[in-house]
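# Secondary and tertiary structure notes
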Amino acid sequence: MTPALTVPPELSARVPAEQRGPGRDRDSVRLLVSRGSEPAHHVFRELPGLLRAGDLLVVNTSPTLAAAVDGRIGHACVVVHFSTRGDDGRWAVELREPDGRGTTRPRAGGPAGTEVRLSRGVRLVLEEALGGPGGRLWWARVTAGAVPGLLREHGRPIRYSYTDRDQPLAAYQTVFALPSADGAGSAEMPSAARPFTARLVTELVSRGVQFAPVTLHTGVASAEAHEPPYPERFAVPAGSARLINAARAGAGRVVAVGTTAVRAVESAVGADGVVRARAGWTDLVVTPGRGVRVVDGLLTGLHEPEASHLLMLEAVAGRAAIDRGYEEALRGSYLWHEFGDLHLLLPAEAAHAGHRTRDGR
């Protein structure tokens, strides 16, 4: 994105769309549509008319966790953000300081051995730095209690300073969210899917648009440092792999709903271009240099100019489309962040068939 472009604070979405006025629902947000580098303005509920029969939407089913829990280190108050559940039962966590306004500010992590007292007599012990500037994220072990129960009883959704107030966990769940047997989920909402309603999904299906569920449990992003994502758990089921391969073999477009869906499906494609069932951890960072092998289009929120996600958007649509789209979004006063407006990136119609031919798709 053009470095000169900055997002003014008044364009931060401070409350969910359905709280901005009577008669509004999640699908009331605005939708900027970029076909190639040509932007057009729509409302999200018009999405069924913008897609076509045979198109496939790849959606992330990860549930959002009530991942923020209050604690104490000695006499100091802290907020623990539970980010990612490890295979060994530990959790990657971020320690933050309350800022007195209901949100938090950065706090240095560590050192190893630091003990955080949580509710219900639960203790959290930091064991080793996961990485990142200043040891922001740490692998930690919880004693005397299970994390899923702790989050259900004492957690709340992670809230950032641009929002007006706390919201219930339901405000952060998407229509596609499914519970995980082990209590894993996303520390931050897979927000590109938030504007979907059951009514809208039904209309899309009736028009011949299909859905391929995948899972990627997203961790805590750094709003201050705009770090690239670290390894996250994902799964692409066999049924979804078949749907994706069938769409790519036909005339349909594979449109990822959110950058998490891109990361999952692009982690499951082989050197032969075939998507196969796969589950585990992915450290894939999609950049223009790496490119995309599966995704034709992307439905995504609006990201800060410094965010690493913009490299993925550029890989999908090209730099010119992203620059033009963001200029148009700023000109049109679109709203940013998880409760904000959406951007649908589609290939230019004339270029779409040629793109598949060149890539052998």
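As the structure is a computational prediction, the values presented were derived from the model and not from experiment.

## Things to note about the overall build of the protein chain
- Within the protein chain, the regular secondary structure consists of 8 helices and 16 strands.
- In terms of overall dimensions, the protein chain is globule-like: its C-alpha atoms have a radius of gyration of 20 Å, near the 21 Å expected for 361 residues.
- In terms of its C-alpha atoms, the protein chain occupies a principal-axis envelope of roughly 65 × 45 × 40 Å.
- Burial analysis of the protein chain (361 residues in total) assigns 55% to the buried set.
- Total accessible area computed for the protein chain in this model is approximately 14600 Å², and 54% of it derives from carbon and sulfur atoms.
- A gap of 3 Å separates the mean positions of the 42 positive and 39 negative side-chain charges of the protein chain.

## Notes on the sheet that holds strand β14 (residues 278-282)
- Strand order across the open sheet formed by 9 strands is β2-β1-β16-β15-β13-β3-β11-β12-β14, with mixed pairing between neighbours. With partners counted over all chains shown, the strands left at the sheet margins are β2 (38-43) and β14, one partner each. Taken pair by pair, the neighbouring strands of this sheet meet at an average axis angle of 20°, ignoring direction.
- Relative to β2, strand β1 (residues 30-35) runs antiparallel, the two being bridged by 6 bridges. Within β2, the position partnered with L32 by the bridge is H41.

## Observations regarding the environment of A67
- Looking at the element boundaries, A67 is found in the loop between β3 (56-60) and β4 (68-73).
- With a relative accessible area of 0%, A67 lands in the buried category.
- Spatially, the C-alpha atom of A67 lies 26 Å from that of M312, the residues being 245 residues apart in sequence.
- The contacts of A67, once residues within four sequence positions are left out, are V80, H81, F82, L151, R156, P157, I158 and A187.

## What to know about the nonpolar core
- Counting residues in hydrophobic clusters, the biggest one holds 41 residues, and the most contacted among them are V236, I244, V262, V275 and W336.
- Sorting the residues of this core by element identifies β3, β11 (210-216), β12 (232-236), α4 (238-249), β13 (254-257), α5 (259-266), α6 (309-317) and α7 (319-331) as the ones contributing at least two each.
- Counting residues per element, this core draws most heavily on α6, which supplies 5 residues.
- Other than its neighbours up to four places away in sequence, I244 contacts L56, V58, A212, V254, V265, V275 and V294.
- Ranked by size, the runner-up nonpolar core spans 28 residues in total, among them V93, L118, V142 and A187.

## Quick word on the packing of α6 against α7
- Axis separation between α6 and α7 bottoms out at 7 Å; the angle between their running directions is 120°. Here α6 contributes L310, L313, E314 and A317 to the contact with α7, which in turn contributes R319, A321, I322 and Y326.
- When the residues that make up the contact of α6 with α7 are grouped by side-chain class, the tally is 6 nonpolar, no polar and 2 charged.

## A short note on the pattern of salt bridges
- Applying the stated rule across the entire model yields 27 salt bridges.
- With its nearest N and O atoms 2.9 Å apart, the salt bridge here joins D182 to R233. Taken as a pair, D182 in the loop between α2 (147-154) and α3 (198-206) and R233 in strand β12 lie far apart in primary sequence, 51 residues in all.
- One salt bridge connects R207 with E203, and the closest N-O pair in it is separated by 3.5 Å.
- Members of the salt-bridge network, linked through shared partners, are D88, R90, E127, E128 and R141.

## Let's talk about the side chain of E94
- Structurally, E94 is set in strand β6 (residues 91-98).
- A distance of 3.0 Å separates the side chain of E94 from the side chain of R136, its partner in a polar contact.

## Details of the environment of P16
- Structurally, the position occupied by P16 is in the segment before β1.
- Of the residues examined, P16 reaches a relative accessible area of 0% and is grouped as buried.
- Counting along the chain gives 151 residues from P16 to Q167, while the straight-line C-alpha distance between them is 8.8 Å.
- When residues no more than four places from it in sequence are discounted, the contact partners of P16 are Q167, A171, R194 and F339.

## Here we look at α7
- Between the first and last C-alpha of α7 there are 18 Å, a value that for 13 residues agrees with the 18 Å anticipated at 1.5 Å per step.
- What α7 keeps buried is the set A321, I322, D323, G325, Y326, E328, A329 and L330.
- Turning to α7, the residues buried within the fold contact β1, β2, β15 (297-301), α6 and β16 (342-346).
- Trailing α7 by a residue or two, S333 shows a phi angle of about 55°, which is positive.

Reading the values: the criteria
Residues numbered from 1 in each chain as written. Predicted model: local features only at pLDDT ≥ 70, side-chain atom pairs only at ≥ 80, totals over all residues. Heavy atoms only, no water. Helix = DSSP H or I, 4+ residues; strand = E, 2+ residues; numbered from the N terminus. Rg over C-alpha atoms; globule rule 2.2 N^0.38 Å. Buried < 20%, exposed > 50% of the residue type's maximum accessible area, 1.4 Å probe, protein only. Areas by Shrake-Rupley, 256 points an atom, 1.4 Å probe, with all protein chains shown as cover. Lys, Arg positive; Asp, Glu negative; His and termini not counted. Charge placed at Lys NZ, Arg CZ, Asp CG, Glu CD. Pairing = 2+ DSSP bridges. Axes fitted to C-alpha atoms, helices over the stretch in contact; angles between N-to-C directions. Contact = heavy atoms within 4.5 Å. Core = buried A, V, L, I, M, F, W, Y, C linked by side-chain atoms within 4.5 Å. Nonpolar A, V, L, I, M, F, W, Y, C, P; charged D, E, K, R; others polar. Salt bridge = Lys/Arg side-chain N within 4 Å of Asp/Glu carboxyl O. Polar contact = N/O pair within 3.5 Å; in protein donor to acceptor, adjacent residues only side chain to side chain. Expected span 1.5 Å × (residues − 1).

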